[in-house]
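# Survey of secondary and tertiary structure
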Amino acid sequence: MIKNIVVIGAGTMGNGIAHTFAQSGFKVNLVDVSQEALDRGLKTITTNLDRIIAKGNLTEEQKAETLGNIATFTALQDAVGSADLIVEAATENQELKLKIFGQMDEFAPENCILATNTSSISITKIAAATKRADKVIGMHFMNPVPIMKLVEIIKGYSTSKETFDSIYEMSKTLGKVPVEVNDYPGFVANRILMPMINESIETLYNGVAGVEEIDTVMKLGMAHPMGPLQLADFIGLDVCLAILNVMYDGFKNPKYAPNPLLVNMVMAGKLGIKSGEGFYDYSESKKAEKVAKMFSK
Ligand SMILES: NC(=O)c1ccc[n+]([C@@H]2O[C@H](COP(=O)([O-])OP(=O)(O)OC[C@H]3O[C@@H](n4cnc5c(N)ncnc54)[C@H](O)[C@@H]3O)[C@@H](O)[C@H]2O)c1
């Protein structure tokens, strides 16, 4: 029975995952490398809970309960002692994830399931960094986690049926819709989404049209709720670049090569909403407005 959750990483996805579990009544230990990162994560959770209250879908009491279900830690080994499930949502970097999974394996109880929210890195490779590959699985939530229904449940080569069934069923208790996916670079969501985002950047880079124009074509012409460049800002341009690189390496296919403009923007620290600037400007006053708009979708 899964009761105690640990979430590693309090960034864009980690705070959303912690929020979602806590709001569904699970006890959550949230881990990040610094207290500042944890405080930022908690602030985002509080703001997002307030938005749900404003829509009439949550009470102040439920907000307090949700926040009361979350404890914060800066050392992984202090947080995982009684974990039934750990969801790793740290930075999209293979070396880092292998290291974290080694630590999770060392310090978490024997029966604890180790899940990763990676967007693209091989679950099989991550599992090989542990001595419990049968209990390692991909749990790929979508952004913003409290709102988006989909979770891709990715089976690594050695993931057991028991682990898969348990995570598939528990995702439903979070009000999510799980989809079974096999372990190949980018899984399903990003294998289809990232080439589209990369092609929109290529279209901009080639001077075919401007940022607003490209997004307008895709919103009004294809009925996408958000243009691909705005979506890239929302995901994080560093995350998009990391995913494209994993698919490029994994398939050895030039069609996944990240566009040089994306590479340059990441090197310049223009990462989208989280850095205040990407394809759009999110300077403080504009940022709140944009994020509120996205959450009201
Ligand atoms: N951004 C998205 O839309 C999105 C969607 C689905 C999945 N993902 C995946 O989720 C994961 C997290 O992405 P994100 O967008 O939240 O990144 P982010 O940069 O917003 O947050 C990453 C967090 O991990 C923390 N971190 C780094 N090393 C750590 C460690 N050793 N221990 C604990 N915390 C550590 C960082 O301090 C940071 O707070 C990535 O694997 C990414 O591919 C992202």
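This text gives an overview of the structure that appears in the document. (Residues numbered from 1 in each chain as written. Predicted model: local features only at pLDDT ≥ 70, side-chain atom pairs only at ≥ 80, totals over all residues. Heavy atoms only, no water.)

## Thoughts on the site of the ligand
Note the following rule: Near is defined per residue: the residue qualifies when any heavy atom it owns lies within 4 Å of the molecule or strand. A 3.5 Å cut-off defines polar contacts: any pair of N or O atoms within that distance qualifies, except that in protein one atom must be a possible hydrogen donor and the other a possible acceptor, and neighbouring residues in sequence count only when both atoms are side-chain atoms. All accessible-area figures derive from a Shrake-Rupley calculation using a 1.4 Å probe, and residue coverage is judged against the displayed protein chains alone. The way it works is that DSSP assigns letters per residue, a run of H or I at least four long becomes a helix, a run of E at least two long becomes a strand, and they are numbered from the N terminus. Under the scheme applied, nonpolar residues are Ala, Val, Leu, Ile, Met, Phe, Trp, Tyr, Cys and Pro; charged residues are Asp, Glu, Lys and Arg; polar residues are all the others, including Gly.
Around the ligand sit 24 residues, and of these Met 13, Asp 32, Glu 92, Lys 97 and Ser 119 come closest. The side chain of Asn 117 places a nitrogen or oxygen atom 2.9 Å from an oxygen atom of the ligand. Note that an oxygen atom of the ligand is positioned 2.6 Å from one of the side-chain N or O atoms of Ser 119. Contact with the protein chains removes 86% of the 840 Å² of surface that the ligand exposes when unbound. Counting residues per element, the ones that place at least two in the shell around the ligand are α1 (12-23), α5 (94-107) and β6 (136-141). Examining the composition of the shell around the ligand, we find that three residues originate from one element, α5, more than from any other. In the shell around the ligand, the residues fall into 11 nonpolar, nine polar and four charged.

## Observations concerning the sheet that holds strand β1 (residues 4-8)
Rule in force here: Strand pairing is assigned whenever DSSP detects at least two bridges linking the two strands. A fitted line through C-alpha atoms serves as each axis, taken over the contacting stretch for helices, and the angle formed by two N-to-C directions is quoted from 0 to 180°.
Taken in spatial order, the eight strands make up an open sheet running β3-β2-β1-β4-β5-β6-β7-β8, and their pairing is mixed. Edge strands, defined here as strands with exactly one partner in the open sheet, are β3 (70-73) and β8 (177-182). Direction aside, the axes of adjacent strands within the sheet are offset by 25 degrees on average. Examined bridge by bridge, strand β5 (residues 113-116) and β6 share three bridges and lie parallel to one another.

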